[in-house]
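Okay, here's what each chain looks like letter by letter:
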Amino acid sequence: MSELGDFLRAKRAAASVESLPFPSSGRRRVPGLRRDEVAMLAGVSVDYYTRLEQGREQSPSEQVLDALAHALDLDAHERRYAYGLAQIAWVPELAETAQPVDSTLVRLMDGWPDAACFVLDPLLDIVAANQLATALFRPFTATRNLVEMVFLDPEGRRFYVDWERASAGCVANLRATSGLYAGTARRQELLERLTSGSTEFADLWAAHEVEQKTHDEKALRHPDVGELTITFDAFEVAAMPGYQLVVYRAEPASAGERAFRTLARQGSAPVTEPVPVAESVRVARTT
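Let me sum up the structure you'll find in this document. For every chain, the first residue of the written sequence is number 1, and numbering continues from 1 along that sequence. Under the rules for a predicted model, residues below a pLDDT of 70 receive no local features and side-chain atom pairs below 80 are neither given nor counted, while totals for whole chains, interfaces and linings still include all residues. Only hydrogens and water are removed before side-chain values are computed, so all heavy atoms of the structure are retained for them.

Each helix corresponds to a stretch of at least 4 residues labelled H or I by DSSP, and each strand to a stretch of at least 2 residues labelled E; elements are numbered beginning at the N terminus. From N to C terminus, the protein includes 14 helices and five strands. Using a 1.4 Å probe on the protein chains alone, a residue whose accessible area is under 20% of its type maximum counts as buried, one over 50% counts as exposed, and one in between counts as partly exposed. Classification of the 287 residues of the protein by burial places 46% in the buried group. Taking all contacts inside the protein whose residues are at least 6 apart in sequence as the whole, residues at least 24 apart take part in 55%. In these tables, accessible area is a Shrake-Rupley quantity obtained with a 1.4 Å probe, and a residue counts as shielded only by the protein chains included in the view. Accessible surface, the protein: about 14,800 Å² in total, of which carbon and sulfur atoms supply 52%. By definition, residues are in contact when any of their heavy atoms lie within 4.5 Å.

If you want it as structure tokens, here you go:
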């Protein structure tokens, strides 16, 4: 026996017969799916799958493991666990469009009115933002993607006081988070827009610096409140592999805190003109 075999057997027993895309007949002696049904769903031989469960085969390929994960309808946490048992680096799937975050996380961010909070997907698309973050990013033409904001929007060079440092860190972060998704169409389209639109991005991307920052200090410049210094913290979203919750905070009794209060008041006031915010953010805020 093996841990991987035990795991597959347990997930097979827990799988629903009603989920089968083909008719099944005959009396079942145990709950869940039969080995031949899982093998058929995964496109492998019954003998091979049996050897996996019995521990006589312990080195499935990434393709086989992915097919079994689909066959047994494993969630992201279960897939990561199964890949770890097989000693294979897990590569989560990147959706064709940015996915809205769970409404619980949106409510959590809204419960921090004194902090600018937003969620980034692996390509650094902003998929959710609270009221203060929306007010903070108001000067940008659009807030679909953080890297595009830094390199392609003219506001980027004004907004980040030390633009060179901010831009280098942004590219290193994109390298770290998007590296799992090499070859996907959405990643390639983003890179083409950035490299064709900014020689600075192209040079930094070619340097292959990789760093996913979890804590830093940033100096920002906002047209309504002037310069402010904030602390930056990033946290992985356990329910969404590759996603980050980013929190901008200002020190108590600082100029940054006063600036945040002013922006919060502006954010709660009626807006006379439409504010260009990414569609994904609007979807997440109403989920």
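Additional details are given in the paragraphs that follow.
On to the packing of helix 10 (residues 163-178) against helix 12 (residues 199-206), then. Where helix 10 contacts helix 12, the axes come no closer than 10 Å and their chain directions differ by 55°. Between helix 10 and helix 12, the angle is such that the two are oblique. Read as a crossing pair, helix 10 and helix 12 show a hand that is right-handed. Taking contact as the criterion, the partners of Trp163, Ser167, Ala168, Val171, Leu174, Arg175 and Ser178 in helix 10 are, on helix 12, Glu200, Phe201, Leu204 and Trp205. Its residues assigned to classes, the contact of helix 10 with helix 12 comprises seven nonpolar, two polar and two charged. Angles shown run from 0 to 180 degrees and are taken between the N-to-C directions of axes, each axis being a line fitted to C-alpha atoms and, for helices, limited to the stretch in contact. What sets the label is the angle itself: under 35 degrees gives roughly parallel, over 145 gives roughly antiparallel, 65 to 115 gives roughly perpendicular, and the rest give oblique. Helix crossings get a hand from a simple test, with the near helix turned counterclockwise from the far one by less than a right angle marking a left-handed crossing and a clockwise turn marking a right-handed one. When residues are sorted by character, Ala, Val, Leu, Ile, Met, Phe, Trp, Tyr, Cys and Pro go into the nonpolar class, Asp, Glu, Lys and Arg into the charged class, and all the rest, Gly among them, into the polar class.

Here the focus is helix 5 (residues 76-85). Every buried residue of helix 5 is listed here: Arg79, Ala82 and Tyr83. Along the axis of helix 5, the buried residues cluster in a sector spanning 100°; they form a single face. Each element contacted by the buried residues of helix 5 is listed here: helix 1 (3-14) and helix 4 (62-71). Put simply, aspartate 75 is the residue that caps the front of helix 5, since its side-chain oxygen is 3.1 Å from the backbone nitrogen of histidine 77. Positive phi appears at glutamine 87, one or two residues downstream of helix 5, with a value of about 60°. Here, the arc refers to the directions that run from the helix axis to the C-beta atoms. Polar contact criterion, stated in full: a pair of N or O atoms within 3.5 Å, where within protein one must be able to donate a hydrogen and the other to accept it, and residues adjacent in sequence count only if both atoms are side-chain atoms.

What follows covers the packing of helix 1 against helix 5. Between helix 1 and helix 5, whose axes approach to 9 Å, the crossing angle comes to 150°. As judged from the angle between their axes, helix 1 and helix 5 are roughly antiparallel. Where helix 1 crosses over helix 5, the handedness of that crossing is left-handed. For the pair helix 1 and helix 5, the contacting residues are Glu3, Leu4, Phe7 and Lys11 in the first and Glu78, Tyr81, Ala82 and Leu85 in the second. In terms of residue class, the contact of helix 1 with helix 5 is built from five nonpolar, no polar and three charged.

In the Ramachandran plot, leucine 124 falls in the positive-phi region, its phi being about 65° despite a non-glycine side chain. Positionally, leucine 124 belongs in the loop between strand 1 (116-120) and strand 2 (126-129). The phi torsion at alanine 253 lies on the positive side, around 65°, for a residue other than glycine. Relative to the assigned elements, alanine 253 resides in the loop between strand 5 (244-249) and helix 13 (255-268). We classify alanine 253 as exposed; its relative accessible area is 67%.

Once that is clear, we can look at the side chain of aspartate 153. Structurally, aspartate 153 can be placed in the loop between helix 8 (146-151) and helix 9 (155-159). Within the buried core, aspartate 153 has no salt-bridge partner, and the shortest N-O distance to an opposite charge, that of arginine 158, equals 5.5 Å. Side-chain polar atoms of aspartate 153 contact the backbone nitrogen of glutamate 155, separated by 2.9 Å. If we ignore the near neighbours within four places in the chain, the residues touching aspartate 153 are Phe140, Thr141, Ala142 and Glu148. Working convention for charge: Lys and Arg count positive, Asp and Glu count negative, and His plus the chain ends are omitted. Salt bridges are identified by distance alone: a Lys or Arg side-chain nitrogen within 4 Å of an Asp or Glu carboxyl oxygen.

This next bit is on the pairing of strand 4 (residues 226-236). Every other side chain in a regular strand lies on the same face of the sheet, so the side chains alternate between the two faces. Bridging between strand 3 (residues 215-222) and strand 4 involves eight bridges; their strand directions are antiparallel. Opposite lysine 218, over in strand 4, you have isoleucine 230 as the bridge partner. For two strands to count as paired, DSSP must find a minimum of two bridges between them.

So, on to the sheet that holds strand 3. Judged by pairing direction, the sheet is antiparallel, and its five strands sit side by side in the order 2-1-5-4-3 without closing on themselves. What marks the edges here is a single partner per strand, and that holds for strand 2 and strand 3. Strand-to-strand, the axes of this sheet are offset by a mean angle of 30°, without reference to chain direction. Here helix 6 (residues 103-110) sits on the sheet and contacts strand 1, strand 2 and strand 5; the angle it forms with strand 1, its principal contact strand, is near 155°.

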